[in-house]
Amino acid sequence: MTVTVLTDRTTTIRASVHDVQFELVLAVVLVVLVIFVFLRSAAATFIPGITVPVSIVGTFAVMYGLGFSLNNLSLMALTISTGFVVDDAVVMIENISRYIEEGESPLQAAFVGSAQIGFTILSLTVSLIAVLIPLLFMGDIVGRLFREFALTLSAAILVSAVVSLTLTPMLCAKLLRPVADRRPGAFARAAERQFDNLVAFYGRTLRWVLGHQGLTLIVAIGTLVLTLWLYIQVPKGLFPIQDTGVILGISEAPQNISFDAMAERQRALGRVILQDPAVATISSFIGIDGTNTTLNSGRIQITLKPLSERGESVGDVIGRLRPALAKVDGITLYLQPVQDLTVENRVSRTQFQYSLEDPGEAELRSWAPRFVARLRELPELRDVATDQLDQGLQARVIIDRATASRLGITPQMIVDALYNAFGQRQISTVFTQLNQYRVVLEVLPEFRSNPSMLERVYLKSSAGGQVPLSTLATIEQRATALAVSHQGQFPAVTVSFNLAPGVSLGAAVRAIDRVTREIGLPPSIQTGFQGAARAFQASLANQPFLILAAIVTVYIVLGILYESWIHPITILSTLPSAGLGALLALFLVGLDLSVIALIGIILLIGIVMKNAIMMIDFALDAQRSQGLPAREAIEQASLLRFRPIIMTTMAALLGGVPLAFGHGVGSELREPLGVAIVGGLIVSQVLTLYTTPVIYLAFDRLAARLAGGSTRERALPARPVTEPCASPPRSSADRSAPP
């Protein structure tokens, strides 16, 4: 039966990896379709279609050099990287295509377009990798787990930048055709008309927003305040609960139970479990081993049918099994779903752990039951259990030494007699032609059913004859500890618990901390969370610093790239809208702000910055090279970069869609990442298209006041501008841009 369970678990792991691979392929397909819809050219679509697999293959080479494997975390990084690796190629292709639409030859457009956009791609790449730097230096077990994720994603971004600066311009020069050679079809013409209408609408609304900058700044400040408030309100957790198709059950019987009685009650649990229609197989274990520390505990591994066949989550199955198993007398089974990603260092009855540690075992034995009783009253917790085993049954043989001495019986003779009767004394070995058999001496089973049978053990007296043990000893029964757990050097009790339906780990931690303060534990008892709960506390404490470290790192990198302290702030002003969208999406879907979701928010910092970088890069170029006023420069840049901004945002968004809406084995682990990215991009895209130009102008005025002069006076010598793009052109062939 054990072999069956292992085989089913291997099948489940393979199914999980297969689902992630499918999500990776689906993300690539969706991203390529976005490019086709916007560029409406098979050649222009083919180029990023080649760029994406080349970048991913290059990432495989880096992963091989670093000794990484293809697992849930690395495949998740590759899936989300599809939206990143295509961004650089999209920006490059769009810029080159724009020059071709203006009448340049493909080769000349590749030279001019790649030279103009090269610094922007460098800025995008460096800023994205800078966002991931704090992930590389995360501490604790969570940091070690996600270092592989961050390195894989960083490698993909770096390889894609190299490909976009080398392979992509070459392919554009060879594969793209001049405008005169193109014969757009009905779909291309219809898509072009719709996009021109969209650009025209954006231009009208942008001019209205630029005319009401004060109101827009109020909206931006309100977005920041709402993001901070929502961050406080959103439930927080460590990792999402996955449905891997396997449930671990830890059984607990009375501490004075015998092996035979334990076996019968464990079989009763198995019969109830196998009656459930969602259960495929079980594997049951009792007896003391590396996991079961005492005779009264056992394990049951439950393998469920495939998700598509049972049609319900593992939580629903556990919820149905609990009342049925509670009807089995004399034994309790604690259930928890087996997770692909876990930080537990011990096997406990339930999922999360809290420990009590005290130098005095008696004091700990007195306070631990009261603490457990209070926790069982909390509505946030379920299945509160403890590993305190101090109710075992002990039989003491008290020897009357005077009587024993008079009969010539020594204590060692009594020990030997008891071991011969109830121990595992091997007295002989029987050899046959094929095998050998060890002969073990023991009394009949009916003489081992009750401690009173000890009185019927006979000892050989030195005076001759047999003397019953009851003549020279009395039998005393009392409670004793089956095992005393230690944490470090001191006795400890571990209290484990599950979460009530709909309750986050953060709410449970706060409830337990409140009980710890209210119950008044002695100062000598040291308390603390262990395992996943302790890792959650560490991650919760590090979350603000991690986000702040990412923002500061990006600010420093952007300040170096732009040689300015103002423009990086303009770029970073886009972040509150992304955080608002991510937190709002998590709240609406009912997901916790877990470590996975936090990584999605950190990635959003890099994605959303791309839009601002593309706007500000072109606005600065227009101011410095053409001598345009700040408002005209940012308006022209916003309209000019509208298409690549929409394309890159849609590519990143669709790269996260398979993660957000995946329903395969273990998809719960990847869902918060996709939901955070999709929600953050939708909200930030709507807001930053308008708030970024306004904030750019506000900081430009601030810089001018601080410098004592106008931006126009500080601009580089201007060159003539023949056709400023203050409003969107009617067709792509007429679209103008700074040469």
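Let me sum up the structure you'll find in this document. What you are looking at is a predicted structure, and each value in this text was computed from that prediction instead of being measured.

## Observations concerning the layout of surface pockets
- The calculated volume of the second largest pocket comes to roughly 900 Å³.
- Lining the second largest pocket are 22 residues, and of these S258, R448, S449, N450 and P451 lie nearest its centre.
- Of all elements in the fold, only α8 (259-274), β7 (392-399) and α13 (411-422) reach the threshold of two or more residues within the lining of the second largest pocket.
- When the residues that make up the lining of the second largest pocket are grouped by side-chain class, the tally is 11 nonpolar, eight polar and three charged.

## Things to note about the side chain of S55
- For S55, the location among the structural elements is in helix α2 (residues 42-66).
- S55 gets classed as buried once you look at its relative accessible area, which sits at 0%.
- Contacts of S55, omitting those with residues within four sequence positions, involve V85, V159, S160 and V163.

## Quick notes on the packing of helix α16 (residues 531-562) against helix α19 (residues 595-626)
- Their axes nearest at 11 Å, the elements α16 and α19 cross at an angle of 20°. Put simply, α16 runs roughly parallel to α19. As for how α16 packs across α19, the hand of that crossing is right-handed. Residues S539, Q543, L546, I547, A550, I551, V554, L558 and Y562 of α16 form the contact with α19, whose participating residues are V595, L598, I602, I605, M609, I613, D617 and L620.
- The residue makeup of the contact of α16 with α19, split by class, is 14 nonpolar, two polar and one charged.

## Description of the pattern of salt bridges
- This model, assessed by the stated rule, comprises 13 salt bridges.
- With a closest N to O distance of 2.8 Å, R365 and E361 form a salt bridge. You can see R365 and its partner E361 sitting in helix α11 (residues 361-375), four residues apart, about one turn around the helix.
- In this structure, the salt-bridge partner of D416 is R425, at a minimum N-O distance of 3.9 Å.
- The class for D416 is partly exposed, based on a relative accessible area of 31%.

## Concerning the pairing of strand β9 (residues 436-441)
- Looking at chain direction, strand β8 (residues 425-431) and β9 are connected through six bridges and run antiparallel. Looking across to β9, one finds that V430 is bridged to Y437.
- Taking the residues that link successive antiparallel strands as the turn, the β8-β9 hairpin has four residues.

## A few points about the sheet that holds strand β4 (residues 332-337)
- Spatially, β2-β3-β1-β4 is the arrangement adopted by the four strands of the open sheet, whose pairing is antiparallel. The open sheet terminates on both sides in strands that have one partner only, identified here as β2 (279-286) and β4. Sheet twist, expressed as the mean angle between neighbouring strand axes with direction ignored, is 20°.
- Alignment of strand β1 (residues 246-252) against β4, held across six bridges, turns out to be antiparallel. Within β4, the residue paired with E252 across the bridge is T332.
- Sheet strands in contact with α8 are β1, β2, β3 (297-304) and β4, and its direction is about 170° off that of β2.
- Taken strand by strand, helix α10 (residues 314-325) contacts β1, β3 and β4, and its axis lies near 180° from that of β4.

## A few points about the packing of helix α18 (residues 575-589) against α19
- Relative to each other, α18 and α19 sit at 145°, their axes nearing to 9 Å. α19 is crossed by α18, and the crossing has right-handed handedness. For the pair α18 and α19, the contacting residues are L575, A578, A582, L583 and L586 in the first and A597, I601, L604, I605, V608 and M609 in the second.
- Residue classes in the contact of α18 with α19 are distributed as 11 nonpolar, no polar and no charged.

## Quick notes on the nonpolar core
- The biggest cluster of nonpolar side chains holds 157 residues, and the ones touching the most others in it are F146, F149, F371, L603 and M609.
- Looking at this core, the element that brings in the most residues is α19, giving 22 residues.
- Ignoring anything within four residues of it in the chain, the contact list for F146 reads L73, F239, L341, V595, I596 and I599.
- Formed by 22 residues, the second largest nonpolar core is a distinct cluster that contains M262, A268, I273 and V314.

## Thoughts on empty space enclosed by the protein
- Overall, the coordinates contain two cavities of 30 Å³ or more when judged by the stated rule.
- Here the largest cavity is characterised by a volume of approximately 140 Å³.
- Along the wall of the largest cavity there are 14 residues; nearest its centre are E361, Q388, A483, V484 and V493.
- Here the residues of the lining of the largest cavity are counted per class, giving eight nonpolar, two polar and four charged.

## Comments concerning unusual backbone geometry
- For D383, which is not glycine, the phi dihedral falls at a positive 55°.
- For D383, the location among the structural elements is in strand β6 (residues 381-386).
- According to the relative accessible area criterion, D383 is partly exposed, its value standing at 22%.

## Regarding helix α15 (residues 505-519)
- A rise of 1.5 Å per residue sets the reference length of α15, with its 15 residues, at 21 Å; its end C-alpha atoms lie 21 Å apart and thus fit the reference within 8%.
- Every buried residue belonging to α15 is among L505, G506, A507, A508, V509, A511, I512, V515, T516 and I519, and all of these are buried.
- Along its buried surface, α15 packs onto β5 (352-357), α11, β6, β14 (490-499), β15 (526-530) and α16.

## Quick word on the packing of aromatic side chains
- For the coordinates displayed, the defined rule picks out five aromatic pairs.
- When the ring of Y354 is compared with that of F529, the centres are 4.7 Å apart and the planes differ by 75°; the resulting orientation is edge-to-face. Of the two residues, Y354 sits in strand β5 while F529 sits in strand β15, which places them 175 residues apart along the sequence. Both residues of the pair, Y354 and F529, count as buried.

## Notes on helix α7 (residues 213-233)
- Between its terminal C-alpha atoms α7 stretches 30 Å, which fits the 30 Å expected from 21 residues at 1.5 Å a residue.
- When α7 is considered as a whole, its buried residues turn out to be Q213, T216, A220, T223, T227 and L230. Looking straight down α7, one finds that the buried residues subtend no more than 105° of arc, so they occupy a single side. In α7, the exposed positions angled more than 90 degrees off the buried face are occupied by I218, I221, V225, L228 and I232.

Rules used throughout
Residues numbered from 1 in each chain as written. Predicted model: local features only at pLDDT ≥ 70, side-chain atom pairs only at ≥ 80, totals over all residues. Heavy atoms only, no water. 1 Å grid on protein atoms, 1.4 Å probe; cavity = no way out; pocket = protein on both sides within 12 Å on 5 of 7 lines; lining within 4 Å. Points joined across faces, edges and corners; volume = space filled by probe spheres on them. Helix = DSSP H or I, 4+ residues; strand = E, 2+ residues; numbered from the N terminus. Nonpolar A, V, L, I, M, F, W, Y, C, P; charged D, E, K, R; others polar. Buried < 20%, exposed > 50% of the residue type's maximum accessible area, 1.4 Å probe, protein only. Contact = heavy atoms within 4.5 Å. Axes fitted to C-alpha atoms, helices over the stretch in contact; angles between N-to-C directions. Parallel < 35°, antiparallel > 145°, perpendicular 65-115°, else oblique. Left-handed = near helix turned anticlockwise from the far one by under 90°. Salt bridge = Lys/Arg side-chain N within 4 Å of Asp/Glu carboxyl O. Pairing = 2+ DSSP bridges. Core = buried A, V, L, I, M, F, W, Y, C linked by side-chain atoms within 4.5 Å. Expected span 1.5 Å × (residues − 1). Phe/Tyr/Trp six-rings, centres within 6.5 Å; stacked < 30°, edge-to-face > 60°. Arc of directions from axis to C-beta.

By themselves, these figures tell us nothing about what the structure is for.
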